[in-house]
Amino acid sequence: MTDRLPPLHDAHDERGAKFTDFGGWQMPVEFDSIRTEHAAVRESVGVFDVSHMGEIEVSGPDATELLNRLTTNDVRALDPGDSQYAAITDDEGVMLDDTVVYRLPDGTAAGEAAASLADLDAAHDGDLDAPSGDPAYLFVPNAGHDGQMYDRWTAHRDEWGLDATVANATDDWAMLAVQGPDAVDALDEATPRDRVVDLSKFEATAAAVAGTESWVARTGYTGEDGFEVMCPADVAESVWAAFVDGPREAQPCGLGARDTLRTEMGYLLSGQDFDPESEPRTPYEARIGFVVKLDTEFVGRDALEAQNEEGVDEKFVGVRLRERGVPRNGYAVTDGDLTRVGKLTSGTMSPTLDEPIGLGYLHESYADAGTEVSVVVRGDEKRAEVVIPPFLDR
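Below is a short write-up of the structure.

What counts, and at which threshold
- Residues numbered from 1 in each chain as written.
- Predicted model: local features only at pLDDT ≥ 70, side-chain atom pairs only at ≥ 80, totals over all residues.
- Heavy atoms only, no water.
- Pairing = 2+ DSSP bridges.
- Helix = DSSP H or I, 4+ residues; strand = E, 2+ residues; numbered from the N terminus.
- Axes fitted to C-alpha atoms, helices over the stretch in contact; angles between N-to-C directions.
- Parallel < 35°, antiparallel > 145°, perpendicular 65-115°, else oblique.
- Left-handed = near helix turned anticlockwise from the far one by under 90°.
- Contact = heavy atoms within 4.5 Å.
- Nonpolar A, V, L, I, M, F, W, Y, C, P; charged D, E, K, R; others polar.
- Disulfide = S-S within 2.5 Å.
- Buried < 20%, exposed > 50% of the residue type's maximum accessible area, 1.4 Å probe, protein only.
- Salt bridge = Lys/Arg side-chain N within 4 Å of Asp/Glu carboxyl O.

Attention now goes to the sheet that holds strand 16 (residues 340-350). Sheet strands associate in pairs through backbone hydrogen bonding, adopting either a parallel or an antiparallel arrangement. Sheet architecture is closed into a barrel: six strands sit in the order 14-17-16-15-18-19, paired in antiparallel fashion. Across the sheet, the axes of successive neighbouring strands diverge by a mean angle of 45°, strand direction being ignored. Both strand 14 (residues 314-321) and strand 19 (residues 380-387) contribute to a ladder of four bridges, which runs antiparallel. Note on strand 19: the bridge partner recorded for Gly 318 is Val 387.

Another point: the packing of helix 3 (residues 63-70) against helix 5 (residues 146-160). The contact between helix 3 and helix 5 brings their axes to 11 Å, and the two run at 115°. In terms of their interaxial angle, helix 3 and helix 5 are classed as roughly perpendicular. Handedness of the crossing formed by helix 3 with helix 5: right-handed. Seen from helix 3, the contacting residues are Leu 66, Leu 67, Arg 69 and Leu 70; seen from helix 5, they are Arg 152, Trp 153, His 156, Arg 157 and Trp 160. Looking at the contact of helix 3 with helix 5, its residues break down into five nonpolar, one polar and three charged.

Here we come to the state of the cysteines. Applying the stated criterion to the full structure yields zero disulfides. Not part of a disulfide, Cys 253 finds its nearest cysteine sulfur in Cys 231, a span of 17 Å. When its relative accessible area of 2% is taken as the criterion, Cys 253 is described as buried.

Owing to its 3.6 residues per turn, the α-helix brings residues three or four apart onto one side. Within helix 3, six of the eight residues are buried, which leaves the element mostly enclosed by the surrounding structure. Of the residues making up helix 3, those classed as buried are Ala 63, Thr 64, Leu 66, Leu 67, Asn 68 and Leu 70. Each element contacted by the buried residues of helix 3 is listed here: strand 4 (56-59), strand 5 (83-89), strand 6 (95-104), strand 7 (136-140), helix 5 and strand 8 (165-168).

Opposite charge on two side chains permits them to pair, given that their charged atoms come into close proximity. Evaluation of the coordinates by the stated rule reveals 32 salt bridges. The closest approach of N and O atoms between Arg 193 and Glu 213, which form a salt bridge, is 3.2 Å. In this pair, Arg 193 sits in the loop between helix 6 (183-190) and strand 10 (204-209) while Glu 213 sits in strand 11 (residues 212-217), placing the two residues 20 residues apart along the sequence. Residues Arg 322 and Glu 372 are paired through a salt bridge, measuring 3.5 Å at the closest nitrogen-oxygen approach. Taken as a pair, Arg 322 in the loop between strand 14 and strand 15 (332-334) and Glu 372 in strand 18 (residues 372-377) lie far apart in primary sequence, 50 residues in all. A relative accessible area of 56% means that Glu 372 is categorised as exposed. In this structure, a network of salt bridges that share partners links the residues Glu 279, Arg 281, Glu 285, Glu 314 and Lys 343.

This is the structure:
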C-alpha cells in the first residue's frame, strides 16, 4: 500500500520525530521517548496526531437507518452533539472494525470537511439540538479502513435502496488527541470563545480552536480525560501549534506511547486484538458486548444473538507477568504445565506500573481475574495471573 502522509508530517519531521508505517500511513512513533510521552499523558498533557484515522460522513433522509444497519449500537439514541462507540460486523458477527459515531447537527451535508465545518459553525451559533433538516453523522474507522468502509456503506445503501449521501472525507480532515490531567486547561486556553470544557464524556460540539472552526469531542484512547479535535487539514499546523507551543507546552506524542497507554487500559487495537482474517473475533469474545443492541436489525445480529445465548469459548483478558520477560503479540498462554489455553494479541512493559502486561484471548475457564497461568516467552513458561482490564484505576 502506498504510504499516506498526515497533514502534519513536515511539522513532525522538523521536530525530529521517528516515523513508522501504520495502516498505510507514515506516522510519528515517537518524538522524545515513549516513556517520556507516556508519562506526560498520565501526569500532565500530551497531544497526538491521529490523522490516520478515517472520517466518513453520512447524511440524508435514511442516514440513521443506514448507520443502524451497519453498526452494532443504536444510533437512534444519539442527539446532535452525542457520540457512541460501536462495532462493525459481518454476517457471522465477526468484527471488521470498531468505530465512534458522531451525530452532527441536522442538515449538515456530507461532503468535504471545510463545507461541513461551515455548516457546523452555523448550527453552533444557534441551537445544536434544534432539528434543521435531514440527520447527519460522522463515523471514524481505524487507519487504512476508510476506503473499505466507504465502499461498504455505499454498496449496502444501494442494495437496500436507501436515500443517503456517503462521503469519504479522510484526506480533508486532520485529527488531534489532547489527553491528560491538564487537557481541560489546554483546551480552555485554545478555545476562548467556546466552553468545550463543559462537554460531558462522549459529547461533541463545533468550536473555534486557535481560531479554526473544528469539531471537538470529549473522547480519547488513553484512559485519561481529554478531547479529540477534528479540523480542516490545510490549517492543522496552527491547531497543533496551539497545544505544543501554547501555555501548557503539551508534549508531542507518537503511536508508541498511544499503544502503551491503551494497553494499560485494555483497549482493543484493530488489526491486532481483532482482525477478520488473522484474528476473527466477535464483540462478545472481545468483551465489548455492551455495544451490541440486539433490539436493532444490523448485519451480523442473528449470529450475535445466538452467541449471546450460547456463550463464548474464549474471552479477551489481561495478564500480568510475575517474572521477568516482556509479553508480545502471538505468545502462547499455558496452564503452567505446557497445555495451551490461549494466546496474547498485545503486550508491553507498562511504563506506569513498571510491570510486564499483555492482552489476549483465553479459554473461558481460565478467564477469571486472579487465575494463575503462564506466558511462553522465548520458550520459557513465565508465571502470570489473569487481570480483567483495565490494569489502572481510571
